[in-house]
Amino acid sequence: MTRSVALITGASRGIGRAISLALAPTHDLVVVARDESQLDETATLCRNVGAKVQSIVLDVTDANAVQSALSGLVVDVLVNNAGVAVMRPFLEMTAEEWHRMVDVNVNALYHVTKALLPGMVARGRGHVCTIGSIAGRNSFVGGTAYTGTKNFVMGFSESLMLEVRDAGVAVSVVMPGSVDTDLFPPGTDRTWMLEPKDVGDAVAFVVNSPAHMLVHRIEVRPLSPKRARE
């Protein structure tokens, strides 16, 4: 039996690796990231649980490189996971930091989705799942750029869903709360946070839902910042 193919961006570590591992039992994979050695580790882990894996070393902010590497690939599920975050008050944020977040969190959605979505529409099936954040509807000091990009993810995903659902393509957004990754500075108490696997499991639930059912938006939070994970 032919397995569906899922492409995951930012797959070299953290949440992207966890998503890849969560989908590996049911999908063959195309894993995408900039770090070749870490991407190879992800590919090996996923092959060990039965997936066929293709690795693509790629900067998803490079429009020409994305088009060259991804256009024409037959992909059933796209997980737009690549993202960066700089938590800094607006008056302290550099233009480089601002544009980097917009390039990765916003512009790369256009480049990657535009390369793969036409094939999904032509085949009459597919699923685009983007990793957002509860920051997409919650504001905090130091989040001017980050929350702005995650608000964009929500608007982008809902608009795209309305555009392509009649063509048989589903569009979803998964919105985690705080996740135990290297995003946080050393010394941060991360014992209460979600684990990357929790986000991976949420993505697997969304994309493995029945074809007639769309889970468009799902929010996954730690139970409480006052309670450590068991």
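Everything quoted here is computed from the prediction, not taken from an experiment.

I keep staring at the packing of aromatic side chains and nothing clicks. Help me out?
Each aromatic ring pair is characterised by the separation of its centres together with the angle its planes make. Taken as a whole and assessed by the stated rule, the structure comprises 2 aromatic pairs. Each ring, one from Phe 90 and one from Trp 98, has its centre 5.9 Å from the other, and the planes form 85 degrees; the classification is edge-to-face.

Looking at this structure, how should I read helix 4 (residues 95-123)?
Residues lying three or four places apart along an α-helix face the same way, a consequence of the helix completing one turn every 3.6 residues. For helix 4, which comprises 29 residues, the first-to-last C-alpha distance of 41 Å matches the rise-based estimate of 42 Å (1.5 Å per residue) to within 8%. Asn 107 marks the point of greatest bend in helix 4, at about 40 degrees. Taken from the residues just after helix 4, Gly 124 is the one with a positive phi, measuring 75 degrees.

Help me understand the sheet that holds strand 2 (residues 27-33) in this model?
Strands sit in the order 3-2-1-4-5-6-7 across an open sheet of 7 strands; the sheet is parallel. The strands lining the two open edges of the sheet, one partner per strand, are strand 3 (53-57) and strand 7 (217-220). Averaged over all pairs of adjacent strands, the angle between their axes in this sheet comes to 15 degrees, without regard to strand direction. The strands touched by helix 2 (residues 36-47) within the sheet are strand 2 and strand 3, with strand 3 carrying the most contacts at an inclination of about 170 degrees. Helix 5 (residues 144-164) rests against strand 5 (126-131), strand 6 (169-176) and strand 7 of the sheet, and its axis sits at about 160 degrees to strand 6.

How should helix 1 (residues 14-23) be read in this particular structure?
The buried count for helix 1 comes to 7 of 10 residues, which makes it a mostly enclosed element. Taken together, the buried positions of helix 1 are Ile 15, Gly 16, Arg 17, Ala 18, Ile 19, Ser 20 and Leu 23. Where helix 1 is buried, its residues contact strand 1 (4-9), strand 2, helix 2, strand 4 (77-80), strand 5 and helix 6 (196-207).

What is the right way to look at the environment of Leu 160 in this model?
Residue placement: Leu 160 occurs in helix 5. Of the residues examined, Leu 160 reaches a relative accessible area of 9% and is grouped as buried. With 32 residues separating them along the chain, Leu 160 and Val 128 place their C-alpha atoms 9.2 Å apart. Apart from residues no more than four positions distant in its own chain, Leu 160 is found in contact with Thr 113, Leu 117 and Val 171.

Even after reading the chapter, I still don't get the pairing of strand 2, so can you show me in this structure?
In regular strands, side chains alternate between the two faces of the sheet. Among the 7 residues in strand 2, 7 count as buried, and that is most of the element. Pairing geometry for strand 1 and strand 2, over 6 bridges, is parallel. Residue pairing across strands places Ala 6 opposite Leu 29, the latter belonging to strand 2. On the question of chirality, the crossover connecting strand 1 to the parallel strand 2 by way of helix 1 is right-handed. The pairing of strand 2 with strand 3 spans 5 bridges and is parallel. Across the sheet, the residue bridging to Leu 29 is Val 53, located in strand 3.

I'm lost on the side chain of Ser 133 in this one. Help?
Take Ser 133: it is sitting in the loop between strand 5 and helix 5. A polar atom in the side chain of Ser 133 sits 2.9 Å from the backbone nitrogen of Ala 135. Aside from chain neighbours lying at most four places away, what touches Ser 133 is Tyr 146, Lys 150, Val 174, Met 175 and Pro 176.

Rules of the game
Residues numbered from 1 in each chain as written. Predicted model: local features only at pLDDT ≥ 70, side-chain atom pairs only at ≥ 80, totals over all residues. Heavy atoms only, no water. Phe/Tyr/Trp six-rings, centres within 6.5 Å; stacked < 30°, edge-to-face > 60°. Helix = DSSP H or I, 4+ residues; strand = E, 2+ residues; numbered from the N terminus. Expected span 1.5 Å × (residues − 1). Bend = angle between axes of the 7 residues up to and from the residue. Pairing = 2+ DSSP bridges. Axes fitted to C-alpha atoms, helices over the stretch in contact; angles between N-to-C directions. Contact = heavy atoms within 4.5 Å. Buried < 20%, exposed > 50% of the residue type's maximum accessible area, 1.4 Å probe, protein only. Right-handed = clockwise from strand over helix to strand, strands pointing away. Polar contact = N/O pair within 3.5 Å; in protein donor to acceptor, adjacent residues only side chain to side chain.

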